[in-house]
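# Structural features, examined
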Amino acid sequence: MPAPRYVLALDFGGTKLAAAVVNVATGDVLSPVRTATPAAAGAAACLDAMAAAARESLRRQPAAAVAGIGISFGGPVSRDRRTVLRSMHVAAWDGFDLPARLSATFGLPAFMDNDGNAAALGEWRFGAGRGARDMLYVQVSTGVGAGIIADGRVYRGGGLAAEFGHLTVLPDGPECTCGKRGCVESLASGWAIARDGRAAFGDAAAMDAEQVVAAAAAGDGRGQAILDRAFTHLALGIANAIILLDPEVVVLGGGLARAEAALRREIEPALARFLPPIFKDRARLAFSRLGGAETLVGAALLVEEPILSF
Ligand SMILES: [Zn+2]
């Protein structure tokens, strides 16, 4: 067993906050504490709620000598990763120097990245992407996020790389949270599937994406039609990304990726349709092995990223 190395990992999501102590030598997540994001109360209130969750997690691990803080933020961050660029979910995050504030609060060095990159890092180091040199990670949950590992590193471009959810896959398609139309996220995310479910089953039905998946699994044609449209467009985005990146493995994570068999049935034929023959059977399709913990694990790994070569 390698000697443990502990990091405080923080996940700032639009609806949930999570804090945990992570052993970055093994990927073990210790004493996770989760709480709802007080979105209406603004950024400072979210920071206070997270600090309380972090203190509680640290209190439960008194023996862990924590070396730093790794932060996953649910939205784009600046190129130097010192400030938040924007949050679609909580007001007043724009320009917020989140790592500096947390560093001052806890007296530890702090490192931040967006949730897609953090989750990709976690899944690559300890999950389904382990051992791959090049990997695309796609998270399909309430929104659609992604991260790219290229040549054994997180590929960030100018900071906004891997905004996969906002690739246009249907011109003039449904409105997206980003301000345009027809994005992968506007067709294949949890919120998009829930929207289509409400339209198909009647507005009074408080459908969420899981209910649409359950309806389709029970043989309901309306549910199946919604999933066919959603996952065909998801596959179109993935096929375009495969042509661009030629990764060894594409890892699907997030709540909607838990229905692995159903998703494979939908995605694999669509990938075959959208990929040129030379790309056929090149990128392996895999599913998250960290079962939702990849974001916290990857956030923790950010602390070691500058000094480690995996
Ligand atoms: Zn968009």
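Conventions used here
- Residues numbered from 1 in each chain as written.
- Predicted model: local features only at pLDDT ≥ 70, side-chain atom pairs only at ≥ 80, totals over all residues.
- Heavy atoms only, no water.
- Pairing = 2+ DSSP bridges.
- Helix = DSSP H or I, 4+ residues; strand = E, 2+ residues; numbered from the N terminus.
- Axes fitted to C-alpha atoms, helices over the stretch in contact; angles between N-to-C directions.
- Contact = heavy atoms within 4.5 Å.
- Buried < 20%, exposed > 50% of the residue type's maximum accessible area, 1.4 Å probe, protein only.
- Domains from an automatic or database assignment.
- Buried area = accessible area lost by both parts, 1.4 Å probe.
- 1 Å grid on protein atoms, 1.4 Å probe; cavity = no way out; pocket = protein on both sides within 12 Å on 5 of 7 lines; lining within 4 Å.
- Points joined across faces, edges and corners; volume = space filled by probe spheres on them.
- Nonpolar A, V, L, I, M, F, W, Y, C, P; charged D, E, K, R; others polar.
- Salt bridge = Lys/Arg side-chain N within 4 Å of Asp/Glu carboxyl O.

### Re the sheet that holds strand E9 (residues 249–253)
- If you walk across this open sheet you meet the 5 strands as E8-E7-E6-E9-E10, and the pairing is mixed. In this open sheet, the two strands that pair with only one neighbour each are strand E8 (153–154) and strand E10 (284–287).
- Direction of pairing for strand E6 (residues 135–140) relative to E9: parallel, over a ladder of 5 bridges. Residue valine 138 lies in a different strand from E9, and its bridge partner there is leucine 252.

### Observations regarding the sheet that holds strand E5 (residues 110–114)
- On the basis of which strands lie adjacent, the open sheet formed by 5 strands has the order E3-E2-E1-E4-E5 and mixed pairing. This sheet does not close on itself; its edge strands, each paired only once, are strand E3 (28–36) and E5. Neighbour-to-neighbour, the strand axes of this sheet turn through a mean angle of 15°, independent of strand direction.
- Relative to strand E4 (residues 66–73), strand E1 (residues 6–12) is paired through 6 bridges, and the arrangement is parallel. By the bridge assignment, phenylalanine 12 is partnered in E4 with phenylalanine 73.
- Of the strands in this sheet, E1, E4 and E5 touch helix H2 (residues 98–106), which is tilted by about 150° from E4.
- Each of E4 and E5 touches helix H3 (residues 115–126); the most contacted strand, E5, lies at about 105° to it.

### A closer look at unusual backbone geometry
- Of note, alanine 92 is a non-glycine position whose phi angle comes to about 70°, a positive value.
- The phi dihedral of aspartate 151 is positive, around 55°, even though this residue is not glycine.
- You can call aspartate 151 partly exposed: its relative accessible area is 49%.

### What to know about the domain arrangement of the protein chain
- Its domain assignment divides the protein chain into domain 1 (6–120 + 293–301) and domain 2 (132–287).
- Computed over C-alpha atoms, the centres of domain 1 and domain 2 are 26 Å apart.
- Opposite the 13 residues of domain 1 that make contact, domain 2 presents 15 residues.
- When the two sides are added together, the surface that domain 1 and domain 2 hide from each other amounts to roughly 1,100 Å², 50% of it contributed by carbon and sulfur.

### Remarks on empty space enclosed by the protein
- Inspection of every chain in the model, using the stated rule, returns 2 cavities of 30 Å³ or more.
- Here the largest cavity is characterised by a volume of approximately 70 Å³.
- Lining the largest cavity, in full, are Phe12, Gly13, Gly14, Leu17, Thr37, Cys46, Phe73, Gly74, Ser87, His89, Val90 and Trp93.
- Within the lining of the largest cavity, the residues separate by chemical class into 6 nonpolar, 6 polar and no charged.

### Looking at the side chain of asparagine 117
- Of note, asparagine 117 is situated in helix H3.
- In contact with asparagine 117, other than residues within four places in its own chain, are Ala146, Gly147, Val154 and Arg156.

### Overview of the pattern of salt bridges
- Taken as a whole and judged by the stated rule, the model has 17 salt bridges.
- Its salt-bridge partner being glutamate 304, residue arginine 5 comes within 2.6 Å of it at the nearest N-O pair. With arginine 5 in the segment before E1 and glutamate 304 in the segment after helix H9 (294–301), this pair connects stretches of sequence that are 299 residues apart.
- With a relative accessible area of 34%, arginine 5 lands in the partly exposed category.
- Judged by its relative accessible area of 10%, glutamate 304 is buried.
- For aspartate 113, the salt bridge is made with arginine 156, and the minimal N-O distance between the two is 2.7 Å. Here aspartate 113 is found in strand E5, whereas its partner arginine 156 is found in the loop between E8 and helix H4 (184–188), with 43 residues between them in sequence. Arginine 156 shares its class with aspartate 113; the two are buried.
- When salt bridges with common partners are traced through the structure, they connect Arg81, Asp113, Arg156 and Glu305 into a single cluster.

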